[in-house]
Amino acid sequence: MRYDISNKRLAPIGRQRIEWAERQMDVLRVIREQFVSEKPLAGVHIAACLHVTAETANLMRTLKAGGAHVVLCASNPLSTQDDVAASLVSHYGIPVYARKGENRQTYFSHLTAALKVGPNITMDDGADLVSLLHKDPAFRALPVWGSTEETTTGVIRLKSMEKHGVLRMPVVAVNDAKTKHFFDNRYGTGQSTLDGIIRATNILIAGKVVVVAGYGWCGRGVAMRARGLGALVIVTEVDPLKSIEAALDGYQVMPMSRAARLGDIFVTLTGNINVIQKEHFLTMKDNAVVCNSGHFDVEIDLKTLRTMTIKKRQVREFVIEHTIRGRRKINVLAEGRLINLAAAEGHPPSVMDMSFANQALAAEFVVKHRRKLEKKVYPVPEDIDKRIAALKLKTMGITIDKLTAEQKEYLSSWHMGT
Ligand code: ADE
């Protein structure tokens, strides 16, 4: 078996973490048991480009239990958990190409290695694998049946490819399932981002001014959790509707040019480039902390910050202190990459449970319907979304009311009113 990981000796710790995560991934476990008996992915080659975490390991085990041949590479150079990668190789016989801290060249060589297996299905978190498939002539002829996409940024890229008529395969937008973005993007990002900031800096959040750039599902989660820890939260947005929501949720809403002067901690989650740039760095308080929890490391204009920097030094494992003109210090966390995966462990297993249940069932969907699917971005079918919600609720030990026959009739009729 070919693979490229940092250190195989870390495997025992990785296995412990995979098993710990598994205990909180009940929906995925139910699907795995079903996959073991039904083998819906028998003989299917799957190349996955996801964050290499304990939760992802449990997805890989599930796909393998369904009969698939899987290969995994990282979807971000800084998010790999090396012990998990080692365990996947050593204990689960799953080839992994990922090393935490890999450079850009290694990152892409790992994606290339994953595509070289000739996958029938690709699985992306950010669309890098699909993008490489389209760009590299060596992979143009690959007979890929379909792909699945985990994140908002990836879905945006893929829809743009569809719109421009260049998408060469069907894609299932896992991100857009309700059981994914309602929970993973909001509660997962909310908790793991604050976790990452705290682990990286050990800063007390209470009493700080936290500026959250972007009020999508992820931004909402971060704003909510920062407030829960006692921060005063400012939201910056470009969308009028989301701005009203943020204001009515009780946050201050203002442009970044004003927020820059007020913030102690800045978190970007917009999916866009240069949300924090030169004019903002120039007015930030001394010792401001700047980080990103959006998919790509493009949201903070670090290139320009580097040109403004008089002195730069590493002050903690994930903190680079930039001293700029006027002797003010700006602390950048995790090189502007996903703080929640670089400095913490990503979203907790119980939310990834629903996200990865969607991934597993989306893969099964692609296999079943591959002959009918067109080169389009498809939503996760509603019955899958509903099934995952029902299963999750059950595993949480929550029971809810059922509509009575009378209520069903009321809802389907237009005769009853005042
Ligand atoms: N994205 C965010 N958190 C994650 C996790 N724990 N595993 C995989 N992908 C993630």
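Above this note sits the structure.
1. Quick notes on the overall build of the chain
Within the chain, the secondary structure is distributed over 17 helices and 15 strands. Relative to a compact globule of 418 residues, whose C-alpha radius of gyration would be 22 Å, the chain shows 22 Å and is just as compact. Along the first, second and third principal axes, the C-alpha atoms of the chain reach 70 × 65 × 45 Å. Looking at the chain alone, contacts between residues at least 24 apart form 72% of all its contacts between residues at least 6 apart. For the chain, the exposed surface amounts to about 19200 Å²; the carbon and sulfur share of it is 53%. Placing the 57 positive and 43 negative side-chain charges of the chain at their respective mean positions leaves the two points 5 Å apart.

2. Structural notes on the site of the ligand
Neighbouring the ligand are His 51, Thr 53, Glu 55, Thr 56, Leu 341, Glu 345, Gly 346, His 347, Met 352 and Phe 356. Taking Thr 53, its side chain carries an N or O atom lying 2.7 Å from a nitrogen atom of the ligand. The contact in question runs from a nitrogen atom of the ligand to an N or O atom on the side chain of Glu 55, over 2.8 Å. The fraction of the free accessible surface of the ligand (260 Å²) that becomes covered by protein chains is 95%.

3. A short note on unusual backbone geometry
Note: most peptide bonds trans; most residues except glycine with negative phi. Positioned with a positive phi, Asn 202 is a non-glycine residue whose angle comes to about 55°. For Asn 202, the location among the structural elements is in the loop between helix H8 (178-201) and strand S7 (209-213). Even without being a glycine, Asn 287 presents a positive backbone phi close to 75°. Tracing the backbone through its elements, the reader meets Asn 287 in the loop between helix H12 (278-283) and strand S11 (288-292). For Asn 287, a relative accessible area of 45% gives the class partly exposed.

4. Here we look at the pairing of strand S2 (residues 69-74)
A regular strand places its side chains on the two faces of the sheet in alternate fashion. Within S2, five of the six residues are buried, which leaves it mostly tucked inside the rest of the structure. With six bridges joining them, strand S1 (residues 45-50) and S2 adopt parallel strand pairing. When the sheet's bridge partners are listed, Cys 49 is paired in S2 with Cys 73. The handedness of the S1 to S2 crossover, carried by helix H3 (residues 54-65), is right-handed. Two elements, S2 and strand S3 (residues 96-97), share two bridges in a ladder whose sense is parallel.

5. Some details on the packing of helix H6 (residues 128-135) against helix H7 (residues 152-163)
Following both chains from N to C, one finds H6 and H7 inclined at 30°, their axes separated by 10 Å at the closest point. Taken as axis vectors, H6 and H7 run roughly parallel relative to one another. Along the contact surface, H6 presents Asp 128, Val 130, Ser 131 and His 134, while H7 presents Arg 157, Leu 158 and Met 161. The residue inventory of the contact of H6 with H7, partitioned by class, reads three nonpolar, two polar and two charged.

6. A word on a nonpolar patch on the surface
A cluster of nonpolar side chains, namely Leu 403, Tyr 410, Leu 411 and Met 416, defines an oily patch on the protein surface of about 440 Å² accessible area. The residue Met 416 is located in the segment after helix H17 (405-412) in this model. Taking the relative accessible area as the measure of exposure, Met 416 reaches 46% and is therefore partly exposed.

7. Topic: the sheet that holds strand S13 (residues 319-324)
Strand order across the open sheet formed by eight strands is S9-S8-S7-S10-S11-S14-S13-S12, with mixed pairing between neighbours. Every interior strand has two partners, whereas the edge strands, strand S9 (252-253) and strand S12 (309-316), have only one. Bridge count for S7 against strand S10 (residues 265-268) is four bridges, and the pairing is parallel. Pairing of Val 211 across the sheet is with Phe 266, part of S10.

8. Comments concerning the packing of aromatic side chains
Under the definition given, this model contains five aromatic pairs. Considering the side-chain rings of Phe 182 and Phe 183, the 6.2 Å spacing of their centres and the 75° angle between planes classify their relative orientation as edge-to-face. With a centroid separation of 5.2 Å and 50° between ring planes, the pair formed by Phe 182 and Trp 217 is classed as tilted. One end of the pair, Phe 182, is in helix H8; the other, Trp 217, is in helix H9 (residues 217-228), with 35 residues separating them in the sequence. Overall, Phe 182 belongs to the partly exposed group, its relative accessible area being 26%. Three or more aromatic residues joined by ring pairs make a cluster, and in this case those are Phe 182, Phe 183, Tyr 187 and Trp 217. Between the NZ or CZ atom of Arg 220 and the centre of the ring of Trp 217, over which it lies, the distance is 5.0 Å. Here the guanidinium or amino end of Arg 370 rests over the ring plane of Trp 145, the centre of that ring lying 4.2 Å away.

9. Looking at the nonpolar core
Ranked by size, the top nonpolar core spans 55 residues in total, and within it Leu 41, Ile 46, Met 60, Leu 63, Leu 88 and Val 96 carry the most contacts. Per element, the largest residue contribution to this core is 11 residues, and it comes from helix H15 (residues 349-369). Listed in part, the 28 residues of the second largest apolar core include Ile 197, Ile 205, Ala 246 and Cys 291.

Each value, and the rule that gives it
- Residues numbered from 1 in each chain as written.
- Predicted model: local features only at pLDDT ≥ 70, side-chain atom pairs only at ≥ 80, totals over all residues.
- Heavy atoms only, no water.
- Helix = DSSP H or I, 4+ residues; strand = E, 2+ residues; numbered from the N terminus.
- Rg over C-alpha atoms; globule rule 2.2 N^0.38 Å.
- Contact = heavy atoms within 4.5 Å.
- Areas by Shrake-Rupley, 256 points an atom, 1.4 Å probe, with all protein chains shown as cover.
- Lys, Arg positive; Asp, Glu negative; His and termini not counted.
- Charge placed at Lys NZ, Arg CZ, Asp CG, Glu CD.
- Near = heavy atom within 4 Å.
- Polar contact = N/O pair within 3.5 Å; in protein donor to acceptor, adjacent residues only side chain to side chain.
- Buried < 20%, exposed > 50% of the residue type's maximum accessible area, 1.4 Å probe, protein only.
- Pairing = 2+ DSSP bridges.
- Right-handed = clockwise from strand over helix to strand, strands pointing away.
- Axes fitted to C-alpha atoms, helices over the stretch in contact; angles between N-to-C directions.
- Parallel < 35°, antiparallel > 145°, perpendicular 65-115°, else oblique.
- Nonpolar A, V, L, I, M, F, W, Y, C, P; charged D, E, K, R; others polar.
- Patch = residues over 30% accessible without salt bridge, like charges linked within 9 Å, V, L, I, M, F, W, Y side chains within 5 Å.
- Salt bridge = Lys/Arg side-chain N within 4 Å of Asp/Glu carboxyl O.
- Phe/Tyr/Trp six-rings, centres within 6.5 Å; stacked < 30°, edge-to-face > 60°.
- Lys NZ or Arg CZ within 6 Å of the ring centre and 35° of its normal.
- Core = buried A, V, L, I, M, F, W, Y, C linked by side-chain atoms within 4.5 Å.

Purely spatial values, then, with no claim about function.
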